[in-house]
Amino acid sequence: MEEQAGVLSPQASGQVAASWARIRARLREEVGEVEYRSWLRQMTLQGIEGDEAIILLPTRFLRDWVNGHYGDRLRALWQAEFPAVRRIDIRVAQAGAAQPAAAGMEPEADDPRSAPTGLAESLTPRPAEARPAEPRSDWIAPLEPRFTFSSFVVGKPNEFAYACARRVAEKPASPGFNPLFLYGGVGLGKTHLMHAIAWSIQELHPARTVAYMSAEKFMYRFIAALRSQNTMEFKETLRAVDVLMIDDLQFLIGKDNTQEEFFHTFNALVDQGKQIVVSSDKPPSDLAGIEDRLRTRLGCGMVADIHATTYELRLSILEAKAAAAQVPVPLKVLELLAHKITTNVRELEGALNRLVAHANLFGRPITLESAHEVLHDVLRAHEKRVSIEEIQRKVAEHYNLRLTDMSSARRARNVARPRQVAMYLAKQLTQRSLPEIGRRFGNRDHTTVMHAVSRVAELMTQDPSFAEDVALLRKMLES
Ligand code: ADP
Ligand code: MG
C-alpha cells in the first residue's frame, strides 16, 4: 500500500489527499449527513494506481452498496478533481491493514442518534390505547390500523392466502404453516395481510412478541449493527421474538451478507418453534439470486399466492371502502371503477378516495358524470388498448365482411360504410394519427380518414339505429 502511494511524488500525494478530502466533503453535501454517515464515512483511499483510484471499505456489503449507489458519482468527482483518474476500484479492506494516514476516514465518534429511520417496521405492535409502558427497544412503530382481517375483503383470488394468514394468527408456528410465504403482485394485499396477522396475534396471544419489518429495514438494521459492532444485540433481539415477519423479501436478493444473517435468524427461530411470515413478489422458486438452502427453507412451509383481482372482488372491495368512507357512492360509479382500474387494489382505493375527497370538498354528491370528470386522467390511463387490427376484425365480423375488405379498394356502399365505421372507431379508440390510420386501411390518404370520421359522426346524429350499432361495436371493443 505504501508502495503504491509512493508511486507519486510527495507533493502529488499531498494533492491526492487534498482532492480526496474535497471529494468526500462534496459527497457529504450532496447526499446529506445521515446517508453519508451510514454508507460513506468509512471509505478510505488506498491510493492511485495508473488511471484508477482505489477506495477501501471494511465489508463486502458496504463495498457493493457504495459501488452500486455512489460508484458513478465518485468517479465523476474524481475526474473533476484529477482528470488522470478514469476509473475507481472499490475494494474490501484487508483486516488490520494500515491505512495511509492522510487518506484515513474521519475520526468521528459514532452518534447512535444518527441512524436513519423511516421504513415501516414494528416490534410488539399494539393498538395505541394498549401501548406497553416501557417500549423494549427503539424499533417500535405502529402498524397500520386499517390493515386488519376485518377490513380485508375476501374473494376467489385471495381466499387461500387469507385462510393461511388467519390460521397462522390463531395458531402460530403450527406444523405445515411455518414459514408462511405470501406472494403476489404489487398492491394486492400482502402487507395488509401481514399487519392483520400481527394485530390478530396481539389480540389472541398478547404474551407473544411480534416483529414486523420490511426486508430493507432488516438489511439496514443489520448493516447498522455490523458497523457499530453491535450484531450480538441485533441477533439477540430478533431471536427473542415469537413471530418474525419480513415484508418484500425480494429486496434481499443479491445482498449476500444480509441474506446469510436472515438465514441464520430464520433457522434459529424455526428451530425454537417460532413463526416466520415472509412476503415477496415472486414464489420462492422464482427468487433468483437467493441461496438455494434459503430458498428451500422458505418453500418448505406454506406458500400462498394472491392472484390478480377479479371484477367481482374489485367491486366488493369498493363497496366495503365506500361504506367505510360514509359517503354515498352510486353503484354505477363503483362498477365503472371496478371495470376500468384492474391493475391493483391500491390504485382502486386511490381513485375512490379522490372521488370522496372531491365530494366532501365541494359538498356535491358523487355521480357518474362527476366521476368521469374527476378521474379523467386515471380512467384514461387505464383505457384498454385496442389495436386497429382488432377494430377491423370486429367491424368486418359485425357487417359480415372479410377482413381484407377493410383495406381493399372496393367502394360499394355495403363495404365502404363499415370501413368508415372502422376508421372512426380507430380514431376514437387508439392514439394513432390520421395518416397512420389511413395507411392501415389500404394506404388511404389522411383526408379520407378525416372524411370518414366526420361522416360517421354525422350519420350517428341522424340515424339512431346506426348510432346504436356503432355504440355497440365500441362497447365490445372496449370491454
Ligand atoms: P402489497 O403489500 O401486496 O403491495 P398492500 O397490502 O399494501 O399491497 O395493499 C395495497 C392497498 O390495497 C392497501 O391499502 C390495502 O388495504 C388494500 N387492499 C388490498 N387487498 C385488499 C382486500 N382484499 N381488501 C381490502 N383492502 C385491500
Ligand atoms: Mg407491501
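Keep in mind that what you see is a predicted model, and the values were worked out from it rather than measured. (Residues numbered from 1 in each chain as written. Chains lettered and ligands numbered in written order. Predicted model: local features only at pLDDT ≥ 70, side-chain atom pairs only at ≥ 80, totals over all residues. Heavy atoms only, no water.)

### Some details on the nonpolar core
- Counting residues in each nonpolar core, the largest one holds 55 residues, and the members touching the most others are W39, L74, W78, L249 and F262.
- When sequence neighbours within four positions are dropped, the list of residues in contact with W78 reads V16, S19, W20, I23, L45, I48, A53, I55, P83, V85 and I88. (Core = buried A, V, L, I, M, F, W, Y, C linked by side-chain atoms within 4.5 Å. Buried < 20%, exposed > 50% of the residue type's maximum accessible area, 1.4 Å probe, protein only. Contact = heavy atoms within 4.5 Å.)

### Things to note about the sheet that holds strand β2 (residues 52-57)
- Spatially, three strands are ordered β1-β2-β3 in an open sheet, and the strand pairing comes out mixed. The sheet is open, and its two borders are formed by β1 (44-49) and β3 (87-92), each paired with just one other strand. Neighbouring strand axes in the sheet, compared pairwise and without regard to direction, differ in orientation by 25 degrees on average.
- As defined by bridge partners, β2 adjoins β3 across six bridges and the pair is classed as parallel. Bridge pairing in β3 links I55 to I90.
- Against the sheet, helix α4 (residues 60-81) contacts β1, β2 and β3, and its axis sits at roughly 160 degrees relative to β3. (Pairing = 2+ DSSP bridges. Helix = DSSP H or I, 4+ residues; strand = E, 2+ residues; numbered from the N terminus. Axes fitted to C-alpha atoms, helices over the stretch in contact; angles between N-to-C directions.)

### As for the packing of helix α7 (residues 215-227) against helix α8 (residues 231-239)
- Where α7 meets α8, the axes come as close as 7 Å, and the angle between the chain directions of the two elements is 145 degrees. Residues F218, R221, F222, A225 and L226 of α7 lie in contact with α8, whose contacting residues are T231, F234 and L238.
- Residues that form the contact of α7 with α8 fall into these classes: six nonpolar, one polar and one charged. (Nonpolar A, V, L, I, M, F, W, Y, C, P; charged D, E, K, R; others polar.)

### Details of the site of ligand 1
- Around ligand 1 lies a shell of 19 residues, among which V153, G187, T191, H192 and E349 are the nearest.
- One of the side-chain N or O atoms of N158 is found 3.3 Å from a nitrogen atom in ligand 1.
- A distance of 3.3 Å is found between an oxygen atom of ligand 1 and a backbone nitrogen or oxygen belonging to L188.
- In isolation ligand 1 exposes 560 Å². Once the protein is present, 94% of that is buried.
- Looking at the shell around ligand 1, the elements that each hand over two or more residues are α6 (190-204), α11 (311-325) and α13 (345-362).
- For the shell around ligand 1, the class distribution of residues is seven nonpolar, seven polar and five charged. (Near = heavy atom within 4 Å. Polar contact = N/O pair within 3.5 Å; in protein donor to acceptor, adjacent residues only side chain to side chain. Areas by Shrake-Rupley, 256 points an atom, 1.4 Å probe, with all protein chains shown as cover.)

### A short note on the pairing of strand β5 (residues 180-184)
- Taken across its five residues, β5 has five buried, putting it largely inside the fold.
- The pairing of β5 with strand β8 (residues 275-280) spans four bridges and is parallel. Across the sheet, the residue bridging to Y183 is S280, located in β8.
- As defined by bridge partners, β5 adjoins strand β9 (residues 302-306) across five bridges and the pair is classed as parallel. Pairing of G184 across the sheet is with I306, part of β9.

### Thoughts on the packing of α7 against helix α9 (residues 256-271)
- Interaxial distance between α7 and α9 falls to 10 Å at its minimum, and their mutual angle equals 100 degrees. Compared by their axis directions, α7 and α9 come out roughly perpendicular. Residues F218, M219, F222, I223 and L226 of α7 touch α9, and the partners they reach there are N257, T258, E261, F262 and T265.
- Considering only residue class, the contact of α7 with α9 consists of six nonpolar, three polar and one charged. (Parallel < 35°, antiparallel > 145°, perpendicular 65-115°, else oblique.)

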